[in-house]
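Results of the structural survey
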Amino acid sequence: MQEFPEVLLDARLWQIVVLSLQVSLSAVALAACAGLPLGAALAVGRFPGRDALIVVLNALMGLPPVVVGLFVYLALSRAGPMGALGLLFTPGAMVIAQTILILPIIAALSRQAVEDAWREYDEQLRSLGARGLRAALTVLWDIRFSLLTSVLAGLGRASAEVGAVMIVGGNIEGVTRVMTTAIALETSKGDLPLALGLGLVLMTIVLVLNAAAYLVKEAAQRRYG
Amino acid sequence: MILPLALRAVSFRDIIKPLSLEIEAGPSTIILGANGAGKSVLMRLMHGLLAPSSGTISWLRPGRHAMVFQRPVMLRRSALANVAYALRLAGADEALAMDALEEVGLAHLADRPARVLSGGEQQRLALARAWALHPEVLFLDEPTANLDPSATREIETIIRAFDAAGTKIVMATHNLGQARRLGDEVIYLHQGRVVERAPVDQFFARPASAEAAAFIKGELPWVS
Amino acid sequence: MGFLTKMACVLLLALPAYAQQRYITVASTTSTEQSGFFRHLLPIFEKKTGIQVRVVALGTGQALDMGKRGDADVALVHDEVAEKRLLAEGFFVERREVMYNDFIIVGPKSDPARAGGRDAVAALITIAEKRAPFASRGDRSGTHAAELRLWKEAGIDPSQARGSWYRETGSGMGPTLNTASGMDAYALTDRGTWLSFKNRGELGIVVQGDKRLFNPYGAMLVNPAKHRHVKKAEGMAFIHWLTSAEGQRAIAAFKIDGEQVFFPKE
């Protein structure tokens, strides 16, 4: 790569940016599809071991990315159980690893949000005949704009991590190189100004995404009350 | 016909002491009592939102009964969608939602987000939602406690219309004037016990129990 | 719902781009990747054959492990001893010698240990005597293996000094050079990484030209008998091209600041 800021004109940089967004946004979408209903069910359900499960889920928010990467690598390696899928060193493997990483974050935060809202909705929904999972999903959809915060937390974690995508992606130029692994590479090559510049680009993009989400949330709250 | 509803030796923690009563079809029943007497808990026990600590609560047959709360809880959707949601839960035709809105005079606000409606409008919407499925019994827990007089009048008009259409009304209230306007019989609750039960005129003119008399006096100081 | 539709589009866009093209996975070393060598070399091969070469750059030890596990098709590394051993053990086949370059010892330009010259082993002896800081990769890479061979020839066991003047970073050449630069330490590095390394600080070349610093690179195919999914035809096409006249010319043409970095195997 060239010096910063000339690199901003390099098509390779924008290919890396697009790939980073594809991987992290895909992971967020998948983790939200699974994690939001899981959090809602956990908030509303009552079963033995519920408290232990909540504690474990909260603890999993701190999963080290490099550990997740290692597990997924061992699973997807040709020598591993799912090697036949040939997913190692592809963007798909990176999406899988990041989804696993941020699923606990989204589930734990949505559980808290639904549990807080549940106090308001519980009686009314039961009176109308909505019970269990049906009621939980109704609350989940009703508080969808405040859930944006937990989704953004997941996105932040995914776009910031380097340990998982490095191990399962291999940082292959043009194929699995994302912003964070590119920054790690330039740093190890001793090109610190370029690495810093790439870091600034990454943080700007994340800032823009957060600002957009904030505006959506504000507009929706004004509209729906 | 799901009535009568029979409560036998029903208690709830130390709020409701073991009591037995029957709610019959026909007359509008008002549950009266001071704060903390247990009105809200009794209503919730009858509607099935709480399980009794002891005793049994049985309807003649399983059927539909609905409840309107002091503070209505609306979903973040349009007024029409809130009613449609209730219909969908029951497996009924969602097209009936508009009829229900017309019954309470909210048809012109059908597409407005429910949470931006005024307090009185939201309570009317709650009535529409509760009534859309034509329940045999409608429980109301202090439905106008948070509303101004004109909104209160609108709600009472709707309740009277539902009563006239044949729905059994069971309503807890603080408002003695409202009790006289809407009620046919009064159940007076004092510290978790049913202390008196009488037709409404008789209750106010000649309260049989000392507690009821004191209550009426406290609420209406000019009655001697 | 519009947001969800956009998400679905993003997901779909990700999939086709990587599914279609023919490609091989090559496990190689950080020294070849970080110098920019592959960025120069691979487009020539891809244009000629239409085969995309995906390089996963790790240390030599890890690259060979990848081959053993079957997670790569070809390994291109620089540890002749390890390569030949794994060849004999049947994990790889079709080894070819591809190119060579040399190692150099870098260190503070002021050379406090008086290690400068053309004798690598003598340099290490004086560095150890003077207890001058030395940054080692410590990561089973080809460079690390070469470094350990030199210490052995000098009759010194640097692991005794682990934690005092002998610092093992456990990482690639770049991070190790970063550490050496930050500590004003000596280090063994390949010339290619050094030429493209930008954070030199006070470091300069201290020892070069010793025959013992010769650093040959070899390419091997992962044994298809052990791993049936290995892309044998495309992998061999790459290995043959590397050793062909055209490939060797392309290797020699790679320059950093006008200096040739890798030399074709004669």
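Everything in this summary refers to the structure shown in the same document. Nothing here was measured: the structure is a model prediction, and the numbers come from that model. (Residues numbered from 1 in each chain as written. Chains lettered and ligands numbered in written order. Predicted model: local features only at pLDDT ≥ 70, side-chain atom pairs only at ≥ 80, totals over all residues. Heavy atoms only, no water.)

**With respect to the sheet that holds strand S6 (residues 137–141) of chain B**
Residue and element names in this part refer to chain B. The strand order S5-S6-S7-S3-S8-S9 describes an open sheet built from six strands, whose pairing is mixed. At either margin of the open sheet sits one strand with a lone partner, and together these are strand S5 (65–68) and strand S9 (193–199). For this sheet the average axis-to-axis angle between neighbouring strands, irrespective of direction, equals 15°. Where S6 meets strand S7 (residues 168–173), five bridges bridge the pair, whose relative direction is parallel. Each residue of the ladder has a partner; that of Val 137, found in S7, is Lys 168. With respect to the sheet, helix H4 (residues 119–131) is in contact with S5 and S6, its orientation differing from that of S5 by roughly 175°. (Pairing = 2+ DSSP bridges. Helix = DSSP H or I, 4+ residues; strand = E, 2+ residues; numbered from the N terminus. Axes fitted to C-alpha atoms, helices over the stretch in contact; angles between N-to-C directions. Contact = heavy atoms within 4.5 Å.)

**A short note on the arrangement of the chains**
For the two pairs of chains in contact, the maximum contact count is reached by chains A and C. You won't find any contact between chain B and chain C; their C-alpha atoms come no closer than 14 Å.

**What to know about unusual backbone geometry**
In this model, B:Leu3 is joined to B:Pro4 through a cis peptide bond whose omega is 10°. Mapped onto the elements of the fold, B:Pro4 is located in the segment before strand S1 (5–12). Unusually for a residue other than glycine, B:Gln191 sits at a positive phi of about 45°. Relative to the helices and strands, B:Gln191 resides in the loop between strand S8 (185–190) and S9. The backbone phi angle of C:Arg114 is positive, close to 55°, even though this residue is not glycine. Structurally, C:Arg114 is set in the loop between strand S4 (92–108) and helix H6 (120–130).

**Focus: the interface of chain B and chain A**
With 19 residues of chain B at the interface, the matching set in chain A holds 19 residues. Taken together, both faces of the contact between chain B and chain A bury some 1,900 Å²; the carbon and sulfur share is 51%. Counting across the interface, chain B meets chain A through four salt bridges. Here A:Glu123 makes a salt bridge to B:Arg44, at a shortest N to O gap of 2.4 Å. The interface formed by chain B and chain A contains nine residue pairs in polar contact (both at pLDDT 80 or more). Looking at the side of chain B that touches chain A, the elements with two or more residues in it are helix H1 (39–47) and helix H2 (79–89) of chain B. Of the residues forming the side of chain B that touches chain A, the biggest block, four residues, is contributed by H2(B). In terms of residue class, the side of chain B that touches chain A is made up of 12 nonpolar, one polar and six charged. (Buried area = accessible area lost by both parts, 1.4 Å probe. Salt bridge = Lys/Arg side-chain N within 4 Å of Asp/Glu carboxyl O. Polar contact = N/O pair within 3.5 Å; in protein donor to acceptor, adjacent residues only side chain to side chain. Nonpolar A, V, L, I, M, F, W, Y, C, P; charged D, E, K, R; others polar.)

**Describing the pairing of strand S3 (residues 74–77) of chain C**
Residues and elements named next belong to chain C. Burial along S3 is two-sided: the face carrying Val 74 and Leu 76 and the face carrying Ala 75 and Val 77 are both buried. Here S3 pairs with strand S9 (residues 214–222) via four bridges, running antiparallel. Looking at the pairing, Leu 76 lines up with Ala 219 of S9. (Buried < 20%, exposed > 50% of the residue type's maximum accessible area, 1.4 Å probe, protein only.)

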